[in-house]
Amino acid sequence: MGNLFRKKSIETMLDQSKAHVLKRSLGALDLTFLGIGAIIGTGIFVLTGIVAAQSAGPALVISFILSGIACALAALCYAEFSSSVPIAGSVYTYTYATIGEFFAFLIGWDLMLEYLLAVSSVATGWSAYFQSLLSGFGVNIPKILSSSPGSGHGGIIDLPAVLIILFITMLLSRGVQGSARFNNIMVIIKLIVILGFIVTGIGYVKPDNWHPFMPFGFHGVVTGAATVFFAYLGFDAVATASEEVKKPQKNVPIGIIASLGICTILYIVVSGILTGIVPYTKLNVSDPVSFALKFINHDKMAGLISFGALAGITTVLLVMAYGQVRITFSMSRDGLLPKSFSTVHPKFKTPFVNTWITGIIAAVIAGFVDLTTLAHLVNIGTLAAFTLISIAVIIMRKTHPNLKRSFKVPLVPILPIISALCCVYLMLNLPAITWKAFVIWLVIGIIVYFLYARKHSHLNHSKTANHTINDSELNKR
């Protein structure tokens, strides 16, 4: 049983990252845009209206602040780890170095589902916006080819969702630098569109629409916070890019904190204006930002918002797929998944096979499966990861006190403990069906670990299983 908690030395991790030679081509601005690309999408263009109408009312602003605080605390923990251990794999890698292999595998297994479902469900939202945009030009895709069998629209496949995932997969498989350029362009477009909404809408705000401010009570605000947590999904994907970043000890913390800060401010401002323009009871629609502009007779601007939403959701797809591939890449490199997932293409310097396996699976799910219920797993998976990263920071401070850190979480262990408690509190406010599905997935993961991962782990055949790190040696590295 002691093998379940065997840890992988940081020295070994650093050596492995050098051996695979992923191309380092990303800077601080690329990482900030990567984070914004992941965070601003479905959350701001879809969830704002639904949560306001069903859970929080105008107090949606408070829901975003609560989620933002929980994310900010977790972001500080991510920043410390990424500045001291700049290795792909994010919280999976950090857990492996601090808590042990078994929990590392489970959180990696959890993140696999989180990112995969995020890609598939977001692609479904992309398809809906794309069809809406086409219909504005009088073009309509037959329902049989534009909706999944379980959606209730008589479809056999959601073809637009499948095609956009395959396009994103093609971009990612050919190199992270080209993908980053595409992401940066899309991020600029959606930021311009969001700023356009703010400038246009602020003059139509009616304070009377903010009363009652908290119609569902504080419980509704907390439920809303747990739901809009999906809106913040993705900033942790910045940490998965560590091995492809120039000066990762400096640039990764900047990318994480800057992207989260920018997006939190935008969420608060947009949700305040949105509920100020339209009574919250009317916002239970799939395109609340466009709806708000139509509500004040700005139809042309509403069309521009739809285009911006399409760009925004595209970048979310790109970063979520990227994060999924880097998680499975790291797990494969450790022997916990088959070797093909960590094979690097000699020309593109990317996990080429892994990228296409991930893309094809996500495309199949998006094309044929209705993800309304399963999408809740994305939130609980993220919160579980944030809880572990908070605990791991405390452990790392104790086990490696002299490890060089370009960024440090202040007030350890107080802030990490608060971070973990906030995440657990939000998890407890998620629907019961989410917990049941989450437990089922973890049970499957435990079976996979004992039947395959534990036996194939490189620590089974390595003397590093009980290797202790010399902190002064790590500082030199």
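So, here's what we can say about the structure. (Residues numbered from 1 in each chain as written. Predicted model: local features only at pLDDT ≥ 70, side-chain atom pairs only at ≥ 80, totals over all residues. Heavy atoms only, no water.)

Along the protein, the regular secondary structure elements total 18 helices and two strands. When each of the 477 residues of the protein is scored for burial, the buried share is 60%. Restricting the contact set of the protein to residue pairs at least 6 apart, pairs at least 24 apart contribute 83%. For the protein, the computed accessible surface area is about 18400 Å², with 69% contributed by carbon and sulfur atoms. (Helix = DSSP H or I, 4+ residues; strand = E, 2+ residues; numbered from the N terminus. Buried < 20%, exposed > 50% of the residue type's maximum accessible area, 1.4 Å probe, protein only. Contact = heavy atoms within 4.5 Å. Areas by Shrake-Rupley, 256 points an atom, 1.4 Å probe, with all protein chains shown as cover.)

To continue, consider helix α7 (residues 159-173). In this model, α7 (15 residues) spans 21 Å end to end at C-alpha, consistent with the 21 Å of a helix rising 1.5 Å per residue. Of the residues making up α7, those classed as buried are Pro-160, Ala-161, Val-162, Ile-164, Ile-165, Ile-168, Thr-169, Leu-171, Leu-172 and Ser-173. Just downstream of α7 lies Gly-175, where phi reads positive at about 140°. (Expected span 1.5 Å × (residues − 1).)

Another aspect to go through is a nonpolar patch on the surface. Taken together, the side chains of Ile-144, Leu-145, Ile-156, Leu-159 and Leu-163 make up a nonpolar region of the molecular surface, amounting to roughly 410 Å² of accessible area. For Ile-144, a relative accessible area of 42% puts it in the partly exposed group. (Patch = residues over 30% accessible without salt bridge, like charges linked within 9 Å, V, L, I, M, F, W, Y side chains within 5 Å. Salt bridge = Lys/Arg side-chain N within 4 Å of Asp/Glu carboxyl O.)

The next subject is the nonpolar core. By size, the foremost hydrophobic cluster in this structure holds 147 residues, and its most contacted members are Ile-40, Phe-45, Tyr-78, Phe-197, Phe-235 and Met-320. It is helix α6 (residues 101-135) that provides the largest number of residues to this core, a total of 18 residues. (Core = buried A, V, L, I, M, F, W, Y, C linked by side-chain atoms within 4.5 Å.)

Turning our attention to the packing of aromatic side chains. On inspection of all chains with the given rule, the structure shows 17 aromatic pairs. Centroid distance Phe-102 to Tyr-449: 5.4 Å. Interplanar angle 70°. Geometry classified as edge-to-face. Remark: Tyr-449 occurs in helix α17 (residues 432-456) and Phe-102 occurs in helix α6; sequence separation between them is 347 residues. Neither residue differs from the other here; Phe-102 and Tyr-449 are each classed as buried. Relative to Tyr-449, the ring of Phe-105 lies with its centre 5.5 Å away and its plane at 50°, an arrangement referred to as tilted. Remark: Tyr-449 occurs in helix α17 and Phe-105 occurs in helix α6; sequence separation between them is 344 residues. (Phe/Tyr/Trp six-rings, centres within 6.5 Å; stacked < 30°, edge-to-face > 60°.)

Put simply, His-211 and Pro-212 share a cis peptide bond, and its omega is -5°. Phi at Asn-297 takes a positive value of approximately 65°, unusual for a residue other than glycine. Looking at the secondary structure, you find Asn-297 in the loop between α12 (288-295) and α13 (299-333). Accessibility expressed as a relative area gives 69% for Asn-297, which makes it exposed. Phi at Lys-349 takes a positive value of approximately 60°, unusual for a residue other than glycine.

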